Amino acid sequence: MSAVYLAFRDSFMEKIYSSRMERPEWIKFFMEFIVCDDMKEEVAESFIGHLADIGILVSVDENIWQWKGCDSPVDSEKLLFRVQRDLELISDTEAGFALAYFIGYKDLNKKSFSTTTDSPGSINTIQKGNVFVPEAKPASNLSNLQIVKKVGKQLQPFLQIEKAVVSRLVGKHVDKQDAQKLFHYMFGKVGSKAEPRVWEQLSRKRHR
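Notes on the structure follow. (Residues numbered from 1 in each chain as written. Predicted model: local features only at pLDDT ≥ 70, side-chain atom pairs only at ≥ 80, totals over all residues. Heavy atoms only, no water.)

### Here's the deal with a negative patch on the surface
So, point 1. A contiguous patch of negative charge, built from E22, E25, D61 and E62, is present on the exposed surface.
So, point 2. For E62, the location among the structural elements is in the loop between β2 (57-59) and β3 (64-67). (Patch = residues over 30% accessible without salt bridge, like charges linked within 9 Å, V, L, I, M, F, W, Y side chains within 5 Å. Areas by Shrake-Rupley, 256 points an atom, 1.4 Å probe, with all protein chains shown as cover. Salt bridge = Lys/Arg side-chain N within 4 Å of Asp/Glu carboxyl O. Lys, Arg positive; Asp, Glu negative; His and termini not counted. Charge placed at Lys NZ, Arg CZ, Asp CG, Glu CD. Helix = DSSP H or I, 4+ residues; strand = E, 2+ residues; numbered from the N terminus.)

Given below as structure tokens:
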């Protein structure tokens, strides 16, 4: 066994996890071993709710949640491998369309937010960070009103995608606010920062 694996195993085995835990324990478990390192606890909490909505995390009573199909007591290491295996299997299903964006231990195939990746409504036509990317070079003498209208028009595909994805994430344990947190985290995993366009530079010059 490699030194890295042994160190990971020793660290993992110091903590005792069960297939039945309270929600805060599940959040801690996922943040330590499953989700990406940059995920904040509030997003992880919403993600746990999403796992409950897709039926992989089941409520036993008011406080206890159980990993589906994991009835008998299992040690921490077996639980980890069971959770990883199930997440990878479900990520290939319609219900698990969002999972790959949150999993940090392995690079899984992230499904596109639109059916055609280069269509006008594609996530690829929009800059990460909720800033739109103009596709055409406009005239340098645009008025403020024209710029605002153009921004609104260019943002429309993003808003449509957000609405569609959020509606799929909303469920019994995930409200709209939770779903928006999840969507914006997913969106942050897509694309790269675009370079400023010419019209933006000209606009700044006109206001200096």
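### Examining the sheet that holds β2
Paired through backbone hydrogen bonds, the strands of a sheet run either parallel or antiparallel to each other.
So, point 1. Strand order across the open sheet formed by three strands is β1-β3-β2, with antiparallel pairing between neighbours. The sheet is open, and its two edges are formed by β1 (20-22) and β2, each paired on a single side. Averaged over neighbouring strand pairs, the angle between their axes works out to 40° when direction is ignored.
So, point 2. In this sheet, β3 lies alongside β2 in antiparallel orientation, the contact comprising three bridges. Each residue of the ladder has a partner; that of S59, found in β3, is W65. (Pairing = 2+ DSSP bridges. Axes fitted to C-alpha atoms, helices over the stretch in contact; angles between N-to-C directions.)

### Some points on the pattern of salt bridges
Any two side chains of opposite charge can pair, so long as their charged atoms come close to each other.
So, point 1. Taken as a whole and judged by the stated rule, the model has six salt bridges.
So, point 2. Note that R82 is salt-bridged to D86, the shortest N-O span being 3.0 Å. Placement of the pair is R82 and D86 together in helix α4 (residues 76-90), with a separation of four residues, close to one helical turn.
So, point 3. Classification of R82 by relative accessible area gives partly exposed; the value is 22%.
So, point 4. The network of salt bridges with common partners includes R82, R85 and D86. (Buried < 20%, exposed > 50% of the residue type's maximum accessible area, 1.4 Å probe, protein only.)

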